[in-house]
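Residue-level structural notes
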Amino acid sequence: MMPDHNDCISSLPDRPGRSEVLPGSRRLLASWQRSQEYGVSPESVDPAWAGEIPNDSLFFQCGQEVLEGLHQSLMNEPLGLMLTDADGLVLNRFSGDPALLRALDRVYLAPGFAFSERQAGTNGLGLALADKVPTLVRAEEHYSASLRTYTCAAAPVLDPVTGRLEGSVNITTWSRTSPGLLLALAQSAAANTSTLMSSRTHRHVQPTKPQGGVFRVQRPRLEPAAGTMRAMSAPWLSALEDATAAVARGEVVAALGERGSGRATLLGQALRQARPASRILCASVPAPEMVEEWLALWTPELSKPDTAIILENADFLPAWAAHELASQVRNILRARLPSSSAATATAPALLWAFTAVDLNNVPPELTRFAAHAAHIPALRDRAADIMPLARYAARQTRLRDLDFTAAAERTLTSYEWPGNIDELMRAVHAAALVTEIIDARHLPPELLGSPARRLTRMEAFERDEIVRVLARPGTSVAEAALELGISRATIYRRLAKLGIDPRNQLKA
């Protein structure tokens, strides 16, 4: 039987900072409700044993290093320090308190066991992973009675480049111990893990964070590619055709793919083709602390006729917010059940769609609505789309067509584009602002090579200087070496070390 939330809420004293972790009781109550739906026992936990623990990821290595250092400082404190993956699997555990370790073993809060909400009910790390925000769960706030001996603080760890949820740092102590700075400690360890991952990653893309917002998609601007549909590649056009047909049938479409690959663009075009009279709103998930106000801003639009909603980055949506959104959708659908079959044949009860990297990362309350998945290939797998999109970006910047040299086209089409269309648009926009004919020398230096390691500041400066000289029309490698004051052998060694392909700098 689920704990009575009113009794539990009344038993929770006001504490400084509590509103930052559990605003009111909404997140806690939503977590209890999910725990009950998952069938978790309110008496004891019985998490699944996962067997072998994956330890070869950058996240694990950085998290292990951070927690080892923290453990050395807190060895004499009654604390259990843990790293978990995004599914709540405990990857490691550190503690200098033998009694605490034995007690944690009895409730299976140990490496190899999964402690997500689905497995263990409301707990610190499970709720932090579900809602993607730092969370403190005290003794009486746990769903399962067997966990009320403990207080847990956990903070999610996000990939510093993609923003993807990697896992969490969890700190557990006895419930009789004052939590003090427990949550701040977990947040600091999570931030240090993410920073360490960033310092060791080799990718060029700037870190992305959910910006959030709600805006109307105007007819003239359906985002990148709207004016270039005939020139787009077969994979794009096929995905668009399937999505358009699904929207026409009144189905909820999930556009799946890497961020920046054009997911919302495809949905916007599909909605416009299938329902040309519709007003389209795009709601992009903001940072977790802003979700409550953001939901209140746009969810009333769901029930309005001839209004379509694109929910961007549904995989960033906290579990409580997904639960609330799903409840509103069900209520609207129930309210429309008496409508005649003739009415439903001409228009869907609700017109909405969402984007995500992968359905597995979307709260299940939303995935249940998705009847069709449109898979959007990354830009590196759609080389035929690069130049049509680049010309579109240039035209949007200068309001007329611009030319690209052969060297610029080679540079653009040979780059991997880890940031996808968004990165391409930024690069071309910046180039179009300074020239009428876009050449390789007008493009960002990082497009001209892919070094196998992260460059130091001095190496980046050296790369940019070599690229600047090589990109000058008619300049050979030998002439560049002469101007830079180095030998031909040296410049070729530097080209190889810095990942610069000189062929991208020379005109055809």
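Since we're looking at a predicted model, the values are computed, not measured.

This model, assessed by the stated rule, comprises seven aromatic pairs. Ring centres 5.3 Å apart and planes at 45 degrees place the aromatic pair Tyr108 and Phe113 in the tilted group. Its relative accessible area of 34% is what places Tyr108 among the partly exposed residues. A ring pair is formed by Tyr415 and Trp417, whose centres lie 4.7 Å apart and whose planes are at 90 degrees; its orientation type is edge-to-face. Side by side, Tyr415 and Trp417 carry an identical accessibility label, which is buried. Through pairs of rings, three or more aromatic residues link up here, namely Trp49, Tyr108 and Phe113.

Looking at the element boundaries, Asn313 is found in the loop between strand E9 (307–312) and helix H12 (319–335). In this structure, Asn313 is in contact with Arg259, Arg263, Ser284, Val285 and Thr355, ignoring residues within four places of it in sequence.

Close approach of charged atoms allows side chains of opposite charge to pair. Using the criterion set out here, one finds 19 salt bridges in the structure. Across the salt bridge formed by Arg26 and Glu324, the nearest N and O atoms sit 3.6 Å from each other. With Arg26 in helix H3 (residues 26–38) and Glu324 in helix H12, the pair connects residues that are 298 residues apart, well separated along the chain. The partly exposed category is assigned to Arg26, whose relative accessible area is 33%. Residue classification places Glu324 among the partly exposed positions, given a relative accessible area of 26%.

Here we come to helix H15 (residues 386–398). If you check H15, its first and last C-alpha atoms are 18 Å apart, about what 13 residues at 1.5 Å a residue would give, namely 18 Å. Of the positions making up H15, those classed as buried are Ile386, Met387, Pro388, Leu389, Ala390, Tyr392, Ala393, Ala394 and Thr397. On its buried side, H15 packs onto strand E12 (403–404), helix H16 (406–414), helix H17 (420–432) and strand E13 (437–438).

Conventions used here
Residues numbered from 1 in each chain as written. Predicted model: local features only at pLDDT ≥ 70, side-chain atom pairs only at ≥ 80, totals over all residues. Heavy atoms only, no water. Phe/Tyr/Trp six-rings, centres within 6.5 Å; stacked < 30°, edge-to-face > 60°. Buried < 20%, exposed > 50% of the residue type's maximum accessible area, 1.4 Å probe, protein only. Helix = DSSP H or I, 4+ residues; strand = E, 2+ residues; numbered from the N terminus. Contact = heavy atoms within 4.5 Å. Salt bridge = Lys/Arg side-chain N within 4 Å of Asp/Glu carboxyl O. Expected span 1.5 Å × (residues − 1).

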